[in-house]
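# Topology and contacts: notes
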Amino acid sequence: MKSNLTLVEQRFLEKSPQLKEMSTKLPYLIVDNFPKLGFLSALRFLEWVEANPSGVISLPTGKTPEYFIKWTKYIIDHFEEESVQDLLAQNGLTLKKKPFLGDLKFVQIDEFFPIDSAQKNSFYHYVQEFYIKGFGLNPANAFLIDANQISLGPDGESGHLDELFPDLKVDLSLRYRSPANRLEARQQEAIFRIDKWCADYEQKIRGLGGIGFFLGGIGPDGHIAFNTRGSDHFSTTRLTETNFETQAVAAGDLGGIEVSKNRLVITIGLGTITYNPNTTAIIFAAGEAKAQIVKQSLESEPTNILPATVLQQLKMARFYITEGAASMLEDEVKRYYQEGGWTQEKTERSVIQLCQKLDKFGSRLTLDDLKNDSYCRLIPHLSETTVKEVQKSIVEKIGKGMQPESNQRYYHTGPHHDDVMLGLLPHVHRLLRDESNTAQFSVMTSGFTAVTNKFVIKTLMETKRLLEKGLIQMVKFPDFFSSGYKYKWDKDVYHFLSAVAAEDQFEQDRGLSHRVVRAILSIYDVHNEEELFFKINGILSVLRNSYDGQKNPADIQKLKGMIREFEEELVWAHFGIRVRDVHHLRLGFYTGDIFTEQPEKNRDVLPILEQLREIKPTVLSLALDPEGSGPDTHYKVLQAIAAAVRQWSKEEDLSGFRIWGYRNVWYRFRPSEADVMVPVSLNGMATLDASFEHCYLTQVEASFPSYMYDGKFSKLAQKIWVEQMETLYLLLGKDFFYQNESPRLRASHGMLFFREMDVETFLKEARQLEESMEGLVG
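Reading the values: rules and limits
- Residues numbered from 1 in each chain as written.
- Predicted model: local features only at pLDDT ≥ 70, side-chain atom pairs only at ≥ 80, totals over all residues.
- Heavy atoms only, no water.
- Buried < 20%, exposed > 50% of the residue type's maximum accessible area, 1.4 Å probe, protein only.
- Helix = DSSP H or I, 4+ residues; strand = E, 2+ residues; numbered from the N terminus.
- Pairing = 2+ DSSP bridges.
- Right-handed = clockwise from strand over helix to strand, strands pointing away.
- Salt bridge = Lys/Arg side-chain N within 4 Å of Asp/Glu carboxyl O.
- Core = buried A, V, L, I, M, F, W, Y, C linked by side-chain atoms within 4.5 Å.
- Contact = heavy atoms within 4.5 Å.
- Axes fitted to C-alpha atoms, helices over the stretch in contact; angles between N-to-C directions.
- Phe/Tyr/Trp six-rings, centres within 6.5 Å; stacked < 30°, edge-to-face > 60°.

## Considering the pairing of strand β12 (residues 438-443)
Of all six residues that make up β12, five are buried, and the element is covered over most of its length. Here strand β11 (residues 409-414) runs beside β12; their pairing, made up of six bridges, is parallel. Bridge pairing in β12 links Thr 413 to Ser 442. After leaving β11, the chain enters helix α18 (residues 419-431) and then returns to the sheet as β12, a path that is right-handed. Two strands pair when backbone bridges link them, and β12 and strand β13 (residues 582-584) are joined in this way by three bridges, in the parallel orientation. The residue bridging Val 443 from the neighbouring strand is His 584, located in β13.

## Digging into the environment of Ala 501
Looking at where Ala 501 falls in the secondary structure, it is placed in helix α20 (residues 489-501). Ala 501 sits 445 residues away from Val 56 along the chain, and the two C-alpha atoms are 63 Å apart.

## As for the pattern of salt bridges
Enumeration over the complete set of coordinates arrives at 49 salt bridges. Of the charged contacts, one joins Arg 177 and Asp 171 as a salt bridge, the two residues approaching to 2.8 Å between their closest N and O atoms. Accessibility expressed as a relative area gives 29% for Arg 177, which makes it partly exposed. Taking relative accessible area as the criterion, Asp 171 reaches 33% and is therefore assigned partly exposed. One network of salt bridges, with partners in common, ties together Glu 9, Arg 44, Glu 47 and Arg 318.

## Some thoughts on the nonpolar core
Counting 109 residues, the largest nonpolar core has Phe 45, Leu 59, Phe 68, Tyr 131, Ile 268, Phe 319 and Ile 321 as its most contacted members. Take this core: its biggest share by element is 10 residues, from helix α2 (residues 34-51). Sequence-distant contacts of Tyr 131, that is, excluding residues within four places in its chain, are made with Leu 59, Pro 60, Pro 65, Phe 68, Ile 69, Phe 106, Tyr 126, Gly 136 and Leu 137. If you look at the next biggest cluster of nonpolar residues, it comprises 74 residues, including Phe 455, Leu 532, Phe 533 and Ala 717.

## Some points on the pairing of strand β14 (residues 619-623)
Taking burial as the measure, the five residues of β14 include five buried ones, the bulk of the element. Covered by surrounding structure in β14 are Val 619, Ser 621 and Ala 623 together with Leu 620 and Leu 622, the residues of both alternating faces. One ladder, built from three bridges, connects β11 with β14; its direction is parallel. Residue Tyr 411 lies in a different strand from β14, and its bridge partner there is Leu 620. In this sheet, strand β15 (residues 658-662) lies alongside β14 in parallel orientation, the contact comprising five bridges.

## Quick look at the side chain of Thr 386
Within the element layout of this structure, Thr 386 appears in helix α17 (residues 386-402). Those residues in contact with Thr 386 that sit more than four places away from it in its chain are Thr 347, Val 351, Leu 370, Ile 379 and His 381.

## Section: the sheet that holds strand β4 (residues 110-113)
Taken in spatial order, the three strands line up as β4-β8-β7 in an open sheet, and their pairing is antiparallel. Looking along the sheet, the strands with just one partner apiece sit at the ends: β4 and β7 (238-240). Neighbour-to-neighbour, the strand axes of the sheet open up by a mean angle of 25°, direction not taken into account. Bridge count between β4 and strand β8 (residues 264-267): four bridges; the pairing is antiparallel. Directly across from Asp 110, in β8, lies its bridge partner Thr 267.

## Topic: the sheet that holds β15
Pairing between the strands of a sheet is mediated by backbone hydrogen bonds and can be parallel or antiparallel. If you walk across this open sheet you meet the seven strands as β13-β12-β11-β14-β15-β17-β16, and the pairing is mixed. Each edge of the open sheet carries a strand with a single partner, namely β13 and β16 (676-681). Recorded for the sheet is a direction-independent mean angle of 25° between the axes of neighbouring strands. The sheet contacts of helix α23 (residues 554-573) involve β12 and β13, and relative to β13 the element is tilted by about 165°.

## Points about the packing of aromatic side chains
One pass over the full model with this rule turns up 36 aromatic pairs. Arranged with centres 5.8 Å apart and planes meeting at 65°, the rings of Trp 666 and Phe 713 form a pair that is edge-to-face. Of this pair, Trp 666 sits in the loop between β15 and β16 while Phe 713 is found in helix α27 (residues 713-732), placing the two residues 47 residues apart along the sequence. Through successive ring pairs, a cluster of aromatic residues spans Phe 45, Trp 48, Phe 68, Phe 106, Tyr 126, Phe 130, Tyr 131, Phe 135, Phe 213 and Phe 595.

## Considering unusual backbone geometry
For the bond running from Phe 113 to Pro 114, omega is -5°, close enough to zero to count as cis. Position of Pro 114 relative to the elements: it lies in the loop between β4 and α5 (123-133). Within the chain, Lys 488 stands out as a residue other than glycine whose phi angle is a positive 65°. In this structure, Lys 488 sits in the loop between α19 (453-468) and α20. The backbone phi angle of Glu 503 is positive, close to 55°, even though this residue is not glycine. Relative to the elements of secondary structure, Glu 503 occurs in the loop between α20 and α21 (505-523). For Glu 503, a relative accessible area of 73% puts it in the exposed group.

Have a look at this one:
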């Protein structure tokens, strides 16, 4: 398997800590993090291009290729620079001349349908922007999926998308049934035209000899291109439906799950990808969230349940993955246990895994069970007491999560507006019961991308109605439009929550409208009620004339962000936190573009540093995604916080400073990784769900859900806590909990995990990611 690795791949294999002899069905290469994944992919791509200057390439769309695109452009644009030449040589790439991509032939992988190709969230536009223009490809050599042209009839007039599919829904049952009316008859004709176009597209690709270089991501269900779970390994280019996991991932591109559920896709097939037996096919994946599907795809025999297993047909297929994405591979589990010395974490992980594998309570594991397990047998001084020692360690972690704290200053940070709540709420809530503790909350980004146009339109219409009826009295005050709107923002919060307590939906709507009016006056130059109506109508006009998923103008982004900020204030006011103690930093790297900028010192780091200096917290909490696997906002915020903490550590003695790294609905800690385990009662779960339901108004309909759960994030967080508790049931036994002397443990039905770190440990992890960014231009 090692013998068919290229020079670039061999060099990366040499530098990788992974096992050099792989037992998987396909080879794989492991890198530290997401940005390095793009670097490796770019080097391998340029290596292939030099050998195949007029070859056929097929490259991915979306967020995953960000660093592949940036590194490819950077190397080409700075090719003559000595530093770039050194970088290439260090990584096994020797190019005779500056790469030229203009002779390559390009095949677009997939596209949503129906979608206007001119929209910036279409893959057609992405390809034009980042590959045709960005890489300097020749448009004449590009085979693209232009949805606007595909459905046109012979006369060029009978197939415009907005006429054929006025609700942007395509009913594929028309392939097999008689149309019920004239419109359906036209739609049926269009579907058959699209099917014919797909067949022709397939033949064009095969006429070129097939794809020579394929680079793609892998979906949570294992999809390659839009070949979802269950796709035929011989499938060709086609118009097809998707599944929930794919729709959830696409929701961000299309403006919400409500939209993506109604979109079909045109995709090349698995048979298209493998038609050329010499194809170089690379799948890249980052983060622990992909670990399970990576394991299944690399270790399983070919099956249509796992689309990527089709790549076993290709001798030049491989996976490029981060350490997190590789973490469940049998090879990597073996390496984890065999290398680096034995640790308590390894003992805990091996014993818990054995409980899960045997489906056996920890108290019932025998010494023979341990000796017969390939990993437990590696435990030093293995004995009858080993399991009890692991149980004791876990109990100590639970004890730490129950430990009361006093006279602490907590600085809770979140990349997005619900991150702290979903990651730490039960713990935050309990600690705030001690009034000697104080807490301040800081949301790092505006979060406007999580607010749908539909929600804002509905809210503005209600605000107009209340204004017309004279039910927003504050606009009648003489100084309201000049300065009065700047005051009593906390009153909006109290008004809203009082209405929640009274179960008065009308007053809740009025409270939201109060805040929206203040926000509009903060953003726009509005001097009276007439101008306010005019401005609201203007915003409504922009939103109604926007396509789903379109990037909003900066002013509307700010309005959406301020609605999210109101939501965050509502959440923490539940627990007595003042509005002035909930901060909205609106870091500038967060722009709503598909590729966000890197954090900058003055713009993104200094605001955090200033808060650290002012608040002087004893504990800082943050979303811990050190691998940089996405959502990309998480690791970019992590960079900014790390830079601020590093600077602050030069100014203050932080020897007693604690950092809590939490994860929520996107990633999880193993029990062995966590330092602190917090019991969660049914009351704690109910508090989470009720406060989420009442306060995160823009999120209740779950327009941008996790692929793991079709519903609210609060319910997914609860599901995760329960699953984590079930793992501890297996190790400790249920009787440990329901017969415990502690009423808090008897009442617990979920468990929250997080890590506690000192400054040195945290900065070491964050620095590894920062180093991978250095020298990379935006």
